[in-house]
Amino acid sequence: MSKASSASSQGEMFLRNATGLRREVSVLDAFIMNTFGMNIAVGAVFLFLQAPAYFPQGNMLVAVIIGTLLMAFTLLWVYSTFAAAMPRSGGDYVYVSRTLHPFLGWLLGWSQGMWLIFFWIGFNAWFALTFALPVAFSTIGAATEQSGWINLSNNLLASFPILGITTQWWVIFIGLLINIGFAVLLILGGQSFWRWQKLFFLFAGGSIVLAFLLLVFGGGHIASAWNSFALQHKGLTFNQVIPTAVKNGYVLPGGFSLSQTLLMLPWVFFVVGYAQGSAQIGGEVKRASRSQYLAMVGGVLVNGAVLVLLVIAFSQAVGINWIGSVGYLSINNASLLNLPGNLSPSFNFIVSLLTGNVLVPLIIGIGFIFWALMGTPLSELQATRYMLAWAVDRMIPAPLGDVSERFHSPVKAIIFCTVTGTLALIALVTVPQASLLGALLAQIAAFILVSIAGIAFPYRLRQVWESAGGHKLFGIPSVTLAGIGGVIVLGSLMLIFIFNSTINSTFGVTARLSLSFMIGVIVVGIIWYVATYFLNRVRGVDIGLAYREIPPE
């Protein structure tokens, strides 16, 4: 078939024969994007506060190493192989629909996309403003003994009336500005956003480095710094934390338990399990055959290594028994700690105690806020690329897949996501139950489906697989081995989330609201697929033809 006839045929199958996007994302851009997706700062806070408190005989260091290696060489290896062979917008939607079946690919992409469009875009701004920012302000105030910062935190979260409606208006107003600001950056084109992302990462990453250096060179002074703070606020001294936790029911570790170590993996998963973001923007990544392995597999290994260093430094500075004890008290009887401003004894707060200089906790606090905030553009990037891929396959209205010739960005989709993200933000502020939503089961189910597609990839689409190098291990395609590993690892993880009562209650995996939304999304997705199929048939278009081909770049 000639190039001309091929293009003509492709134009008939797809909405158009080019997306209009540019390949301008460098390996560094993709790596930073995935690093923000893994969010080591927020993940480390919850790992230290919760995992040793619930499972004292587990070993955090071993859990982090196991979790990092498992995710890097199972799920993320599958994603990297697919992204190298099929560098297209929509990522896993394309992989599964072309490798397994269009219906399975559609349900995966629809589920992922709906959570992004109608929840995560709004959630990130809400989380930053109701958790990250107040924690940063309260930490600065507590560490520097300047109550004005704590008052600022309280004012941010305060409800007050406007036009007879009483709610957290500051959270809504500032969240709206955040959503609009990131939308403008994304609309102006990739290079505008990627330059800002580097700047944000410089600050956010720098805050982690600063916290690590303080732990390494000043960790020995944490006990005295904690005591000075505790005496002022009439809380527990450093040496009182462990016996008080034991008195209130905490069981000190009596040795190493492999089972409890493995039960710590859900917290590790939240740091090293979300490095697939660059796959969804695959059509814009330069030299994808090499870059995606570095950005995803390399990203997991680097972020896991950083988490290992933080675990080692923090454990040596205060002791693992103290970490578990203070976390246990924070969960079960926080009033005994008597921390101001509803603070939790997170590692960033503890590190900030090492200096009375406002600059250090300010840098750590702002970095923490950036880690939380950067989920907004990441969610919007992925959501709009799903929409673009769906539009090209004629699965949603064509305007939502339009790409501006001036900016080379999907302007209409970005505006749409900004509106839905703001509605989600308002819902989170005004409906307390909305904050209980969680996409864990949907996310893990999607990852399992991608792993299954990885198993079948070399056999279902051999030529496409070979185009990415056709790598084998012991005579078996490495992506097949990684896919098998992914099914086992993620399947086991899902069972832990569902059936371990401690983890289930902590993460709210089977909360009724989450399950209702997840099932509702799937039901609507099925109806949409069937309706779209027959609507296109009436128009004389067989969408099945598009799913037999790799979509255009």
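Residue positions are given per chain, counted from 1 along the sequence in the order it is written. Only residues with pLDDT of at least 70 get local features here, since the model is predicted, and only at 80 or more are side-chain atom pairs given and counted; chain-wide, interface and lining totals rely on the full set of residues. Note: side-chain values were computed over all heavy atoms of the structure, leaving out hydrogens and water.

## Examining the overall build of the protein chain
Turning to step 1, where the next piece is worked out: Secondary structure assignment for the protein chain yields 27 helices and 4 strands.
Turning to step 2, where the next piece is worked out: Along the first, second and third principal axes, the C-alpha atoms of the protein chain reach 80 × 65 × 40 Å.
Turning to step 3, where the next piece is worked out: For the protein chain, the proportion of contacts with a sequence separation of at least 24, taken over those separated by at least 6, is 82%.
Turning to step 4, where the next piece is worked out: Each accessible area value is a Shrake-Rupley result obtained with a 1.4 Å probe; residue values ignore everything except the protein chains displayed when judging cover. Accessible surface, the protein chain: about 21900 Å² in total, of which carbon and sulfur atoms supply 66%.
Turning to step 5, where the next piece is worked out: Each charge class in the protein chain can be summarised by its mean position, and for the 24 positive and 14 negative side chains these summaries are 3 Å apart. Only DSSP runs of H or I with at least four residues qualify as helices, and only runs of E with at least two residues qualify as strands; both kinds are numbered from the N terminus onward. We call two residues contacting when some pair of their heavy atoms lies within 4.5 Å. A residue counts as positive if it is Lys or Arg and as negative if it is Asp or Glu; His and the chain ends are not included. By convention, the point assigned to a charge is CZ for Arg, NZ for Lys, CD for Glu and CG for Asp.

## Quick word on the pattern of salt bridges
Turning to step 1, where the next piece is worked out: Criterion for a salt bridge: a side-chain nitrogen of Lys or Arg within 4 Å of a carboxyl oxygen of Asp or Glu. Here the structure, examined in full by the defined rule, presents 5 salt bridges.
Turning to step 2, where the next piece is worked out: Between Lys198 and Asp29 there is a salt bridge; the shortest N-O distance is 2.6 Å. Of this pair, Lys198 sits in helix 10 (residues 190-218) while Asp29 is found in helix 2 (residues 27-38), placing the two residues 169 residues apart along the sequence.
Turning to step 3, where the next piece is worked out: Of the residues examined, Lys198 reaches a relative accessible area of 33% and is grouped as partly exposed.
Turning to step 4, where the next piece is worked out: To sort residues, take the accessible area from a 1.4 Å probe on protein chains only and compare it with the maximum for the residue type: under 20% means buried, over 50% means exposed, and anything in between is partly exposed. According to the relative accessible area criterion, Asp29 is buried, its value standing at 2%.
Turning to step 5, where the next piece is worked out: Among the salt bridges present, the one from Arg385 reaches Glu284, with a minimum N-O distance of 2.8 Å. Residue Arg385 is located in helix 20 (residues 375-392), and its partner Glu284 is located in the loop between helix 15 (277-280) and helix 16 (288-318); the two are separated by 101 residues in the primary sequence. The same class applies to Arg385 as to Glu284, namely buried.

## Comments concerning helix 8 (residues 147-157)
Turning to step 1, where the next piece is worked out: When we look at burial in helix 8, the residues that qualify are Ile150, Ser153 and Leu156. Along the long axis of helix 8, the arc covered by the buried residues comes to 120°, so they all point the same way. Throughout, the arc means that of the directions going from the helix axis to the C-beta atoms.

## Considerations on the nonpolar core
Turning to step 1, where the next piece is worked out: Core analysis: the biggest nonpolar cluster contains 187 residues, and Trp226 and Trp390 have the highest contact counts within it.
Turning to step 2, where the next piece is worked out: If you tally residues by element for this core, the top one is helix 7 (residues 102-144), at 23 residues. We define the nonpolar core as a collection of buried residues of types Ala, Val, Leu, Ile, Met, Phe, Trp, Tyr and Cys that are connected through side-chain atoms lying within 4.5 Å of one another.

## Examining unusual backbone geometry
Turning to step 1, where the next piece is worked out: Even without being glycine, Arg287 reaches a positive phi, approximately 45°.
Turning to step 2, where the next piece is worked out: Here Arg287 lies in the loop between helix 15 and helix 16.
Turning to step 3, where the next piece is worked out: Although it is not a glycine, Arg394 adopts a positive phi angle of roughly 65°.

## Description of the environment of Val251
Turning to step 1, where the next piece is worked out: Along the chain, Val251 turns up in the loop between helix 12 (238-247) and helix 13 (258-262).
Turning to step 2, where the next piece is worked out: For the pair Val251 and Ser505, spaced 254 residues apart in sequence, the C-alpha separation works out to 20 Å.

## A look at the confidence of the model for the protein chain
Turning to step 1, where the next piece is worked out: What pLDDT reports is the predictor's confidence in each residue, on a scale of 0 through 100. Averaged over all residues, the pLDDT of the protein chain is 90; the fraction at 70 or higher stands at 96%.
Turning to step 2, where the next piece is worked out: Predicted confidence in the protein chain is weakest over helix 1 (residues 3-13), with a mean pLDDT of 42, and strongest over helix 4 (residues 60-72), with 98.
Turning to step 3, where the next piece is worked out: With pLDDT under 50 throughout, residues 1-11 is counted as low confidence; its partners more than four residues away or in other chains account for 6 contacts.

## A closer look at helix 9 (residues 169-187)
Every α-helix carries 3.6 residues per turn, so stepping three or four residues along brings you back to the same face.
Turning to step 1, where the next piece is worked out: Taking 1.5 Å as the rise per residue, helix 9 with 19 residues should run 27 Å; its terminal C-alpha atoms sit 27 Å apart, in good agreement.
Turning to step 2, where the next piece is worked out: Looking at helix 9, one finds that the buried residues are Trp169, Val171, Ile172, Gly175, Ile178, Asn179, Phe182, Ala183, Leu185, Leu186 and Ile187.
Turning to step 3, where the next piece is worked out: Of the residues flanking the end of helix 9, it is Gly189, one or two places downstream, whose phi is positive at about 115°. The span expected for a helix works out to 1.5 Å for each residue beyond the first.

## Looking at the packing of aromatic side chains
Aromatic ring pairs are described here by two measures, namely the spacing of the ring centres and the angle between the planes.
Turning to step 1, where the next piece is worked out: Note on ring pairs: Phe, Tyr and Trp rings are taken, using the six-membered ring of Trp, and paired if centres are within 6.5 Å. Classes follow the plane angle, with under 30 degrees stacked, over 60 edge-to-face and the rest tilted. Under the criterion given, the structure shown has 56 aromatic pairs.
Turning to step 2, where the next piece is worked out: Seen from their ring centres, Phe160 and Trp170 are 6.2 Å apart, and the 55° between their planes marks the pair as tilted. Placement of Phe160 in strand 1 (residues 160-162) and of Trp170 in helix 9 is noted, with a sequence separation of 10 residues between them.

## A closer look at the environment of Val96
Turning to step 1, where the next piece is worked out: On the secondary structure map, Val96 appears in helix 6 (residues 92-99).
Turning to step 2, where the next piece is worked out: Using a relative accessible area of 0% as the deciding quantity, one classes Val96 as buried.
Turning to step 3, where the next piece is worked out: In this structure the C-alpha to C-alpha distance between Val96 and Ser451, which are 355 residues apart in sequence, comes to 9.4 Å.
Turning to step 4, where the next piece is worked out: With residues up to four places along the chain from it excluded, the contact list for Val96 reads His101, Leu104, Gly105, Leu108, Leu449, Val450 and Ala453.

## Structural notes on the side chain of Thr167
Turning to step 1, where the next piece is worked out: Within the secondary structure layout, Thr167 lies in strand 2 (residues 165-167).
Turning to step 2, where the next piece is worked out: For Thr167, the residues in contact, after removing those within four places along its chain, are Ala158, Ser159, Phe160, Ile172, Val429 and Thr430.

## A few points about the side chain of Thr384
Turning to step 1, where the next piece is worked out: The topology assignment puts Thr384 in helix 20.
Turning to step 2, where the next piece is worked out: Side-chain polar atoms of Thr384 contact the backbone oxygen of Glu380, separated by 2.8 Å.
Turning to step 3, where the next piece is worked out: What Thr384 contacts, discounting residues up to four positions off in sequence, is Pro410, Ala413, Ile414 and Cys417. Under the rule applied, a polar contact is a pair of N or O atoms within 3.5 Å (in protein, one hydrogen donor and one hydrogen acceptor; residues adjacent in sequence only if both atoms are side-chain atoms).

## A few points about the packing of helix 3 (residues 40-54) against helix 17 (residues 320-332)
Turning to step 1, where the next piece is worked out: The N-to-C vectors of helix 3 and helix 17 enclose an angle of 95°; their axes lie 7 Å apart at closest approach. Judged by the angle between their axes, helix 3 and helix 17 are roughly perpendicular. Residue-level inspection shows Phe48, Leu49, Gln50, Pro52, Ala53 and Tyr54 of helix 3 in contact with helix 17, the latter providing Ile323, Gly324, Gly327, Tyr328, Ser330 and Ile331.
Turning to step 2, where the next piece is worked out: Amino acid classes used here: Ala, Val, Leu, Ile, Met, Phe, Trp, Tyr, Cys and Pro are nonpolar; Asp, Glu, Lys and Arg are charged; the rest, including Gly, are polar. Of the residues that constitute the contact of helix 3 with helix 17, the class distribution is 8 nonpolar, 4 polar and no charged. Axis lines are fitted through C-alpha atoms, for helices just across the contact stretch, and the angle between N-to-C directions can take any value from 0 to 180 degrees. Each angle receives one of four descriptions, namely roughly parallel if under 35 degrees, roughly antiparallel if over 145, roughly perpendicular if within 65 to 115, and oblique otherwise.

## Observations regarding a nonpolar patch on the surface
Turning to step 1, where the next piece is worked out: Two joining distances apply to patches: 9 Å for like charges and 5 Å for nonpolar side chains (Val, Leu, Ile, Met, Phe, Trp, Tyr), and every residue must have over 30% relative accessible area and no salt bridge. A surface patch of nonpolar side chains, amounting to about 720 Å² of accessible area, comprises Tyr459, Leu473, Phe474, Ile476, Leu481, Ile484 and Ile488.
Turning to step 2, where the next piece is worked out: Looking at the secondary structure, you find Ile488 in helix 24 (residues 478-499).

## Focus: the packing of helix 7 against helix 26 (residues 512-538)
In a packed pair of helices, the relevant descriptors are the angle between the two axes and the axis-to-axis distance.
Turning to step 1, where the next piece is worked out: Where helix 7 meets helix 26, the closest approach of the two axes is 9 Å, and the angle between their N-to-C directions is 135°. With respect to helix 26, the element helix 7 is oriented oblique. In terms of crossing hand, the pair formed by helix 7 and helix 26 is right-handed. Residues Pro102, Phe103, Trp106, Leu107, Trp110, Ser111, Met114 and Trp115 of helix 7 form the contact with helix 26, whose participating residues are Ser514, Phe517, Met518, Val521, Ile522, Val524, Gly525, Ile526, Trp528 and Tyr529.
Turning to step 2, where the next piece is worked out: Looking at the contact of helix 7 with helix 26 residue by residue, the classes come out as 15 nonpolar, 3 polar and no charged. The hand of a helix crossing depends on one turn: near helix anticlockwise from the far one by less than a right angle means left-handed, and clockwise means right-handed.

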